[in-house]
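Structural overview
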Number of protein chains: 2
Amino acid sequence: MTITTTTARLVPVAPSRGALRPLGLDEVAITGGPWARRQRVNGTNTLDHIEGWLEREGWIANFDLAAAGALPEGRRGREFSDSEVYKYLEALAWEIGRLESAVRAGTGGADASGADASDAAASDAARAAELDARLRAIVARVAAAQEPDGYLDTRFGRPGQGARWTDLEWGHELYCLGHLFQAAVARARTRPGADDGLIEVARRAADLVCAVFGEGGDERICGHAEVEVGLAELGRALGEPRYVEQARLFVERHGRGTLRDIEWGRSYYQDDVAVRDATALRGHSVRANYLAAGAADVAIETGDDDLVDALVRQWETTAERRTYVTGGQGSHHQDEAFGEDWELPADRAYSETCAGVASVMFSWRLLLASGDARYADLVERTLFNVVETSPAADGRAFYYANTLHQRVPGEPADPDVVSPRAHSSLRAPWFDVSCCPPNTARTFASLAAYVATADASGIQLHQYAPATIRTALDDGREVALDVETGYPLSGSVVVRVRSDAPSPWTLTLRVPAWAEGARLVVRPADGGADEVQNASPRGRAGTVSVARAWAAGDSVVLDLPVAPRFTAPDPRIDAVRGCLVVERGPEVFALETVDLAGTALEASDFADLRIDPATALRDLADGGVAAELVDARTGARAEVPFVRYHEWAERGPSQMRVWVPALGA
Amino acid sequence: MTITTTTARLVPVAPSRGALRPLGLDEVAITGGPWARRQRVNGTNTLDHIEGWLEREGWIANFDLAAAGALPEGRRGREFSDSEVYKYLEALAWEIGRLESAVRAGTGGADASGADASDAAASDAARAAELDARLRAIVARVAAAQEPDGYLDTRFGRPGQGARWTDLEWGHELYCLGHLFQAAVARARTRPGADDGLIEVARRAADLVCAVFGEGGDERICGHAEVEVGLAELGRALGEPRYVEQARLFVERHGRGTLRDIEWGRSYYQDDVAVRDATALRGHSVRANYLAAGAADVAIETGDDDLVDALVRQWETTAERRTYVTGGQGSHHQDEAFGEDWELPADRAYSETCAGVASVMFSWRLLLASGDARYADLVERTLFNVVETSPAADGRAFYYANTLHQRVPGEPADPDVVSPRAHSSLRAPWFDVSCCPPNTARTFASLAAYVATADASGIQLHQYAPATIRTALDDGREVALDVETGYPLSGSVVVRVRSDAPSPWTLTLRVPAWAEGARLVVRPADGGADEVQNASPRGRAGTVSVARAWAAGDSVVLDLPVAPRFTAPDPRIDAVRGCLVVERGPEVFALETVDLAGTALEASDFADLRIDPATALRDLADGGVAAELVDARTGARAEVPFVRYHEWAERGPSQMRVWVPALGA
C-alpha cells in the first residue's frame, strides 16, 4: 500500500495512509447537473423537513427531558432516536461547510437561474448562518443532557429506565454515540475551534466509551455497528489514537458471540464470525456495511494488511453475489439482511436506503486505500440508483426500502402521518424508524468529497458532475480544474485545466464497467492536434490517465457511450432469470404502468408484459428511454417510455418493474 | 346447493347442508401405504414426542399454576401456548377414535408385518386406553384452571397479567379457545358422553364468549382467526345454534378495523376488508385460511350463498395465483403472509406447515359444500407436499416453514434444544412457536375422514390409499368397499365392492388434474366383459363415475398415469421463470446435493446446474426419479436421482431445489 500523508480538510474520511488522498468540500464544488440540484433541495427542503419532524416527534425534546430530569416519562421515539438527531447535526455541519466553501470560492448559485454570483454568495452565507444557529441550538440541548461522566443517551441509565449497557443487543447506545462522533467530525473539519461544544460532548462520550470498553474492561460489542467507524474518524479528526484503538477493539471483538443468540442467528449483528475470517457481508445489511467501513478504517490506521485483504474479499463477493443491479443490498424484509449468494429477488427487494449509504462508506474507504476504480463504480451505481432513489424530487418524502418490483400500486402516504418503516410502497415523509432522511441528507451535503482525490502523481476523478476543483498536489503545486458535463444524460465529460504546470502531473479518470468503446481526447490549449486514446474498459471498471505538463486552457474530453442498453442478469440469480433491465450510463430504468396509458397495452395485465430485445431502445427528449413491449397473452405491442429508477413513483401510484421478462425467455 | 341431512359421526367437520356427507373414522380406515405408515408413526412417536415437550416446556404446567393461583410467576411459553395443549388433546381424541374404530372393525395392524389381526386389535386397544388416560389427566389439569364464569387462559386476567380481552390483536385468547372447541368436538364425536369433562369445559368457555362478544356486546374480533371455525363446529357437535351464531358475528366483524393498524396493515389479521368483499386470501396465511374455513361453516349453516360464492372466488384466486406448486401458501417470512398475485419466490418460500393444515380445512369445507373435485385435488397436493413434508420420517422433528430452495446446507438442529420457529433449514424437534407438531398430529390422526364421502346417489372417493369403507347410503343401504393400491407410486387404484346392491348406486372417483390419459375399468364379478371408460381430465381435476347395481366381487380399476413428468410454472410467476419441477402423480420432487456425490457433477456449483428437458425422466426402484442434469459452466452431465420433496433433508445437510433451471432457458 502506498503511504501518503494527508492533511484532513473538509472530508468525512481522512485516512493517514492509502493510495489516494480525498479532496474536501473546500477543494471540490459540484456546480451543476442533477447532483447540484439534489444538494440544493437537500440543503433547503430536506433539512427543514427533518428538523420539523424531529421536533414534532419529540426526538430532540428527549434531550430537554433528560436535562430536566423528567425521563423516562414523556420520552418519545424508538431506542435509537438520539441517532437521528446526531445524523441531522452531521448533515447540518456538512451543509454549513458546503455553503461557506461556496461563498469563499464563488461557486454558489451556478445552477440557479437568474441569480448572479454575488446574490448567490449572499444567499448562501445567510443560509449558512441560519443553519449554524440551528445547529448551535440543538447542540446546546444535547450537551445539557450529557451526564458528568460523559454518558449520553436518553433511553438508558435513569431510574425507571434500563441500566447503562445492559441491552447491547438492541439498546443502540454505542450506535447512537457513533453517529454523535461522526457529527463531531463533520463539525471539527468544517468549523475548527467552534465554540458550540459539540466536539467536547463527543470527546467526553468517547472517553467514557474507552474507559468502559477499553482493554481489560467490558469486552462486548454493540448490536448495531457504527461506533467503530465513528470512533476511528473521531480519533483521526482530533488526533486521539486512543479512539482508533478503541475502534480496533470493537472490530476485533465481533464474532466472539458476546451478544445473545437470536432467531436470525448472531450473523444478524456480525457476531458469528470474526471480521477477518468472514467471506462476505452478511446479516443486517446496514450493520454489516457500517462495521466493514469501521474495520477498513482500523485496518488502514494500524497497517493491518491482512484485515484489508479480508475486507476486499468480502467486498468482491458481496458486490458480485449479494448486490442488486441498482447497487442495493439486503434482500430480506424480515431481518433487513443480506440473503445468501444469488438470493436477490426483485419481489420485495429490501435494498434499504441506509444500506446504500453504508455501502458507499465502505466502498469509498477501499477506494482510498487501493485506488481501484471498481469501488468508485459501485459508489456511482449506488448513489444514482439507491441513495438518490430514496428522496422524492422535493426532498420531503423518502423510501426506507427500495423494491425493484411493485406488483400492486401503492397507496399514497399521508404527508402528515408517521409511516411504518417499509410497508408503504410510495415515499413517506417520516417513519417510526426514520434513519433514511438524515442519512441521505448527510451524504448529499458531503457529496463533493466523493468526487475527486489526489496522490503523488496527480488528480483522480471518480464521479462526473459539473464541478470546480481547486487543490494542491502533494508537492505543493496548485491545480485548478473545471468539469463541464451533461452526465449522465450525455457521456461527454470535459475537464478544463485552469492552471499551468511546468512539469507533468497525471490526470486520471474512471471508466465505468459499462463504457465499452469509451475514448479520451486531449485538446491542447496551444492549438496542437487532439490526442485520442482508447479508454474502453476490459470487462470491469478501470481508469484512463494522461500525464502532461498541463497548460491553462488544455482540456480533456472523456467520451463515454451512454446509448441505452439491455443488461442481462447473472444466470445464477434465480429470481430474475429470463429478464432484462434497461440501463443508460450508470442509471437503471424502470417500467411504470402510468406510462402504459394511451398505448395498446393500457388494458394489459402487467404480469403479461414482455420486453422485445430484438427492437432498439430509443432515447427520449425528456431523458427517458423507450422500449418495445409485447403482451404475451394478446400479442399487442407498443413502444413505452421507461423512467429513471430513481424518479419512479413521482407521478402517483403505479405498478413498476426494473427487471422485465424478455420475449421468448 | 344440494341439501343433505348428515348424521355427525367421527368427523372433524359435519355440515348440516352441502353436496357431500363426510364419512368418519368409524366408516373409513386407511389400512396400508404411506398414509397408514404416517398414521402409525404419528400415533406413537409423534404423540409421545409432543407430550414430552409440552411437559418439558411447562405449557401444560401453566394450567397447574393457574389452578394453584401461582400465575403469572413461573408461566412459560408464548401467549398462545395453551392452544398447543388443546391441539394435542384434539390429536389424542382422534387417535383414540381411530384406534378404537380399528379394533371394532378389525382393520388394525393390516400393514404391520408379522402381527395377526387379534394381536393388532389387542395392541390398538391397549394404546387407545393409554392415550385415553393421558387425555383425561391433561383435561383434568386444564379444567382445574377454568374460572367460575368459564374464562380459561393462562396468560390473562390475573393480578400481574393483562386484563381479559385487552389485547385482542396479539393476545390470542379467543384463538386458544377455538382450539379448545375443536378438541371438544373431536372428543364429543369419538367418545359421546365421556365423563372427562372436556366438553363441559368447552361449553362453559363458549357460553362466556357468547356473553361477552354476542350481539350488543364487545364487537371486536381476535387477531388470530380460529374461534370462528371452532365455535361453528362446537355448535354443530353439541346442537347449539348460539355458537354458530357467535361464529357468524365474528366472521361478519372482520374488515371493520376494530383491531389496531400495524406495520403490515390490518390485512395481516384480515381486518381490512369484509370477508364477503375480499377477492383473495391475504395477510397471515394461517389466520386467512382458518378464517375462510370458519366463514365457510357459517355460510353453509346459515344458507348464505353469497358468502359461499365469495369464498369460492377467493379460493380460486388463491389457488391459481398465491399457492406454491407444493400446495404451500404464504411467501413472506416477515409477516408469515401471502404475497401479492404471482409473488411466489422459491427463495425462502415460507409455506408454513400450519397454513397447509389450514388450507386443507378450507378446501375440504368447499368440497363438502360443492362436490367439486378441484378442492380435493388441492387437498391431496397439500397433504403430500406440505403437511407430510413437515415431520421427519420418525415423526420427532418438524419443519415450521417449507422452503423450496435451500441455497446453503442447513445446520442439524439440536434434538434437545428449542429452535426459533423458521430459521433452521433442517427439521427441529420443537419451536418457541410450536404449532406444527400438534397441528400435523391432529390432521394425520383424523386423515381417514378426508378420504371418502357419500351423497344421495352413492359414494365418492377423494383420496387414494389402501382403505376399507363401510357405510350406509342415504337410503339406508349398506355399502362395503375395499381400496387396494400402491398409489402414489403406482397409478392403479382398485376398488373392490364387498356388498350387493339390488338397485344402482354411483361410485365416483376423483381424477387429478395431472392425470392426462386416465381410464376407468369396471370388472364385473360375474365374469362379464370389462367396461372401459375414458377418465382423462380436461385441464382441471374432475371425476369419473359408474352407476351400477353393484354385486359383491365387482371391482373398478382407476388407472392414473403416474410416469414422472416435467411441469412448467405459470409464466406470470417471476421467481421461477425458466425453471421446471419434476413431479410424479401428486408428489413434487426435489434435487438434493447429497445425490450429486459420485457423479460428474459432484464438484459443480449448485447454482450452475440445469435440467435437460430433452432427456427422459426415469423411475428408480426406490421410488425416486432420475433426471439428466448439466453444469452450465463446464458442460459436465450426469443422471441424478431426485427425491420426493416430503422426504428431503432426511440424509443430513444438503442444498436443495424444487424448481430447477432448464437448459436453454
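All figures in this text were calculated on a predicted structure; none of them were measured in a lab.

Moving on, we come to the relation of the copies chain A and chain B. Laying chain A over chain B is done by rotating through 180 degrees and shifting 0.0 Å along the axis; what remains is an RMSD of 0.0 Å. Expressed as a symmetry operation, the mapping of one chain copy onto the other fits a two-fold axis.

Once that is clear, we can look at unusual backbone geometry. All names here are of chain A. With an omega dihedral of 5 degrees, the bond running from Tyr487 to Pro488 counts as a cis peptide bond. Relative to the elements of secondary structure, Pro488 occurs in the loop between β7 (478-485) and β8 (492-497). Its identity as a non-glycine residue notwithstanding, Gln270 has a phi of 55 degrees, on the positive side. Its place among the elements puts Gln270 in the loop between α8 (241-253) and α9 (285-302). Residue Arg348 is not a glycine yet carries a positive backbone phi of 55 degrees. Note on placement: Arg348 falls in the loop between α10 (305-321) and α11 (353-370).

On to the packing of aromatic side chains. Residues and elements named next belong to chain A. All chains considered together, the criterion is met by 38 aromatic pairs over all chains. Between Phe63 and Tyr86, the aromatic rings sit 5.9 Å apart at their centres with planes inclined by 50 degrees, giving tilted as the arrangement. One end of the pair, Phe63, is in helix α2 (residues 61-67); the other, Tyr86, is in helix α3 (residues 81-105), with 23 residues separating them in the sequence. Looking at Tyr86, the relative accessible area reads 0%, which means it is buried. Between Tyr268 and Tyr269, the aromatic rings sit 5.7 Å apart at their centres with planes inclined by 70 degrees, giving edge-to-face as the arrangement.

Residues and elements named next belong to chain A. Strand order across the open sheet formed by seven strands is β2-β6-β7-β8-β13-β10-β11, with antiparallel pairing between neighbours. With one partner strand each, in any of the chains shown, β2 (28-30) and β11 (531-534) form the two edges of the open sheet. With direction set aside, neighbouring strand axes in the sheet form an average angle of 15 degrees.

Turning our attention to the interface of chain A and chain B. If you look at the interface, chain A gives 34 residues, while chain B gives 34 residues. Buried area between chain A and chain B, both sides added, is near 3000 Å², and the carbon and sulfur share of it is 47%. The largest share of the area that chain A buries against chain B comes from Glu263, Arg407 and Arg577 of chain A, three residues that together contribute 21% of it. Scanning the region where chain A abuts chain B turns up six salt bridges. For the pair chain A and chain B, the number of links is 11 residue pairs in polar contact (both at pLDDT 80 or more). Residues of the side of chain A that touches chain B, tallied by class, amount to 10 nonpolar, seven polar and 17 charged.

Our next topic: the sheet that holds strand β9 (residues 505-511) of chain B. All names here are of chain B. Taken in spatial order, the five strands make up an open sheet running β1-β4-β5-β9-β12, and their pairing is mixed. Two strands in the sheet have a free side with no partner beyond their single neighbour: β1 (21-22) and β12 (542-548). Relative to strand β4 (residues 452-455), β1 runs antiparallel, the two being bridged by two bridges. Paired with Pro22 across the strands is Thr453, a residue of β4. The strands touched by helix α12 (residues 373-387) are β9 and β12; relative to β9, the strand with the most contacts, the crossing angle is about 50 degrees.

All names here are of chain A. Enumeration over the complete set of coordinates arrives at 160 salt bridges over all chains. For the salt bridge of Arg134 with Glu130, the shortest nitrogen-to-oxygen distance reads 2.9 Å. Here the residue Arg134 and the residue Glu130 both occupy positions in helix α4 (residues 117-145), the gap between them amounting to four residues, near one helical turn. In this structure, Glu147 engages Arg164 in a salt bridge whose closest nitrogen and oxygen atoms are separated by 3.3 Å. Here Glu147, found in the loop between α4 and α5 (173-190), pairs with Arg164, found in the loop between α4 and α5; they are 17 residues apart in sequence, far enough to count as distant. When its relative accessible area of 25% is taken as the criterion, Arg164 is described as partly exposed. Because the salt bridges share partners, they merge into one network encompassing Glu100, Asp132, Arg136, Arg187, Arg191, Asp195 and Asp196.

Calculation criteria
- Residues numbered from 1 in each chain as written.
- Chains lettered and ligands numbered in written order.
- Predicted model: local features only at pLDDT ≥ 70, side-chain atom pairs only at ≥ 80, totals over all residues.
- Heavy atoms only, no water.
- Least-squares fit on C-alpha atoms with pLDDT ≥ 70 in both.
- Helix = DSSP H or I, 4+ residues; strand = E, 2+ residues; numbered from the N terminus.
- Phe/Tyr/Trp six-rings, centres within 6.5 Å; stacked < 30°, edge-to-face > 60°.
- Buried < 20%, exposed > 50% of the residue type's maximum accessible area, 1.4 Å probe, protein only.
- Pairing = 2+ DSSP bridges.
- Axes fitted to C-alpha atoms, helices over the stretch in contact; angles between N-to-C directions.
- Contact = heavy atoms within 4.5 Å.
- Buried area = accessible area lost by both parts, 1.4 Å probe.
- Salt bridge = Lys/Arg side-chain N within 4 Å of Asp/Glu carboxyl O.
- Polar contact = N/O pair within 3.5 Å; in protein donor to acceptor, adjacent residues only side chain to side chain.
- Nonpolar A, V, L, I, M, F, W, Y, C, P; charged D, E, K, R; others polar.

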